[in-house]
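Structure assessment
Residues per chain, in single letters:
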Amino acid sequence: MKVVISVGGSILVPNEIDVDYMHELAELTNKLSDRHQISIVTGGGKTARKYIEPARRFGASEIFCDLIGITATRLNARLLAAVIGEKANLEPPKDFIAALKAMNFGKIVVMGGTHPGHSTDAVSALLAEYINADLLINATDVDGIYDKDPQKYKNAKMYEKLSVEQLVDMVKSYSLGAGKYELIDILAAKIIQRSKIRTIFLNGRNLKNMRTTIEGKKFIGTVIENG
Ligand code: UTP
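Everything in this summary refers to the structure shown in the same document. (Residues numbered from 1 in each chain as written. Predicted model: local features only at pLDDT ≥ 70, side-chain atom pairs only at ≥ 80, totals over all residues. Heavy atoms only, no water.)

**Digging into the overall build of the protein**
Each helix and strand in the protein was counted, giving nine helices and nine strands. For 227 residues, the compact-globule estimate of 2.2 N^0.38 gives 17 Å, and the C-alpha radius of gyration of the protein, at 16 Å, lies within 12% of that figure. Projected onto its principal axes, the C-alpha coordinates of the protein cover approximately 50 × 40 × 35 Å. Sorting the 227 residues of the protein into buried and exposed places 52% on the buried side. Considering only contacts in the protein between residues 6 or more positions apart, those separated by 24 or more positions represent 69%. As presented, the protein carries roughly 11,300 Å² of accessible surface, and 53% of it is formed by carbon and sulfur atoms. (Helix = DSSP H or I, 4+ residues; strand = E, 2+ residues; numbered from the N terminus. Rg over C-alpha atoms; globule rule 2.2 N^0.38 Å. Buried < 20%, exposed > 50% of the residue type's maximum accessible area, 1.4 Å probe, protein only. Contact = heavy atoms within 4.5 Å. Areas by Shrake-Rupley, 256 points an atom, 1.4 Å probe, with all protein chains shown as cover.)

**Observations concerning the nonpolar core**
Side chains of nonpolar character tend, in soluble globular proteins, to be buried together. Val-4, Met-111, Leu-127, Leu-167, Ile-184 and Ile-224 are the most contacted members of the largest nonpolar core, which has 31 residues in total. Looking at this core, the elements with two or more residues in it are helix H5 (96–104), strand S3 (109–111), helix H6 (120–130), helix H7 (164–171) and helix H8 (186–195). Sequence-distant contacts of Ile-184, that is, excluding residues within four places in its chain, are made with Asp-121, Asn-138, Leu-167, Val-171, Tyr-174, Ala-189, Ile-192 and Phe-201. (Core = buried A, V, L, I, M, F, W, Y, C linked by side-chain atoms within 4.5 Å.)

**A few points about the packing of aromatic side chains**
For the structure on display, the rule yields one aromatic pair. For the ring pair Phe-96 and Tyr-130, a centre distance of 6.4 Å and an interplane angle of 55 degrees mean the geometry is tilted. Remark: Tyr-130 occurs in helix H6 and Phe-96 occurs in helix H5; sequence separation between them is 34 residues. The exposure class of Phe-96 is buried, given its relative accessible area of 15%. Across the ring face of Tyr-21, the terminal group of Arg-205 is positioned such that the distance to the ring centre comes to 5.4 Å. (Phe/Tyr/Trp six-rings, centres within 6.5 Å; stacked < 30°, edge-to-face > 60°. Lys NZ or Arg CZ within 6 Å of the ring centre and 35° of its normal.)

**Concerning the packing of helix H2 (residues 19–32) against helix H9 (residues 207–214)**
Closest axis-to-axis distance for the H2/H9 pair is 11 Å, and the angle between their directions is 20 degrees. Taken together, the axes of H2 and H9 are roughly parallel relative to one another. The handedness of the crossing between H2 and H9 comes out as right-handed. Together, Tyr-21, Glu-24, Leu-25, Leu-28 and Leu-32 of H2 and Leu-207, Met-210, Arg-211 and Ile-214 of H9 make up the contact between the two elements. Taken together, the residues that form the contact of H2 with H9 break down as seven nonpolar, no polar and two charged. (Axes fitted to C-alpha atoms, helices over the stretch in contact; angles between N-to-C directions. Parallel < 35°, antiparallel > 145°, perpendicular 65-115°, else oblique. Left-handed = near helix turned anticlockwise from the far one by under 90°. Nonpolar A, V, L, I, M, F, W, Y, C, P; charged D, E, K, R; others polar.)

**Describing the layout of surface pockets**
The calculated volume of the largest pocket comes to roughly 1,100 Å³. Together, 45 residues line the largest pocket, and Ser-10, Arg-49, Tyr-181, Glu-182 and Leu-183 are the ones closest to its centre. Within the residue set of the lining of the largest pocket, elements represented by two or more residues are strand S1 (2–7), helix H1 (9–12), helix H3 (45–57), helix H4 (62–84), H6, strand S4 (135–140) and strand S5 (145–146). When the residues that make up the lining of the largest pocket are grouped by side-chain class, the tally is 16 nonpolar, 21 polar and eight charged. (1 Å grid on protein atoms, 1.4 Å probe; cavity = no way out; pocket = protein on both sides within 12 Å on 5 of 7 lines; lining within 4 Å. Points joined across faces, edges and corners; volume = space filled by probe spheres on them.)

**A look at the site of the ligand**
The immediate surroundings of the ligand are formed by 24 residues, with Gly-44, Asp-66, His-115, Thr-120 and Gly-179 found nearest. Between the ligand and Arg-49 there is a distance of 3.1 Å, counted from an oxygen atom to a side-chain nitrogen or oxygen. Alone, the ligand offers 560 Å² of accessible surface; in the complex the protein occludes 95% of this. Placement of the ligand is best described as lying within the largest pocket. The leading source of residues in the shell around the ligand is H4, at four residues. Classifying every residue of the shell around the ligand gives five nonpolar, 16 polar and three charged. (Near = heavy atom within 4 Å. Polar contact = N/O pair within 3.5 Å; in protein donor to acceptor, adjacent residues only side chain to side chain. Sits in = over half its atoms within 2 Å of the grid points.)

Below is the structure:
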């Protein structure tokens, strides 16, 4: 099975780099890669924000801040590739053609951002579309998609299923500011919709759950119903 995993920066670099988590993710990826073609798109996390915020304060444009963000996502991709080891591509592909080439060499592709104006969630959706992936996993620090922010509201309810139209509707008013994407960006939602990509939102910290999801077993998460 071809699987693209978008790993939110909030898990990789919640405040400082979580190397232990990267190690566990790398072990899982290495194991799964015997039977599946795995690609990972890494978010920028705190590193992105720590650089974007002061740059913006000093008058940097949004595209400039996006480019800073992309650099942070690629930095995380490089580190994760180092932790995965020889099965990973050494150089984070800068576009989808380079990603496909690395895949065709049998590599676990680990990449960050590509172009300004969106987040790595859109990159993962575009990559999934490009390689005709069987599954796109959006891994964040919560179990799925909720009716309200579960980190603020104790009574927030998680959706087990959500139609792609509901997803698009939820994110359409979200900010496009550099370093400010929330659930996912509108481009990612629209790509998932147009190509009917099987998409699951889950907690990236729960790697056992990520494994059962990929293996087609029981899992906790939100399934996007699209067609
Ligand atoms: P992220 O994908 O980490 O954005 O990229 P995010 O969703 O805001 O952060 P997390 O994952 O929830 O922590 C960081 C920033 O890099 C720029 C954007 O400014 C984004 O907010 N970026 C990233 C791009 O402009 N293009 C890309 O392809 C990727």
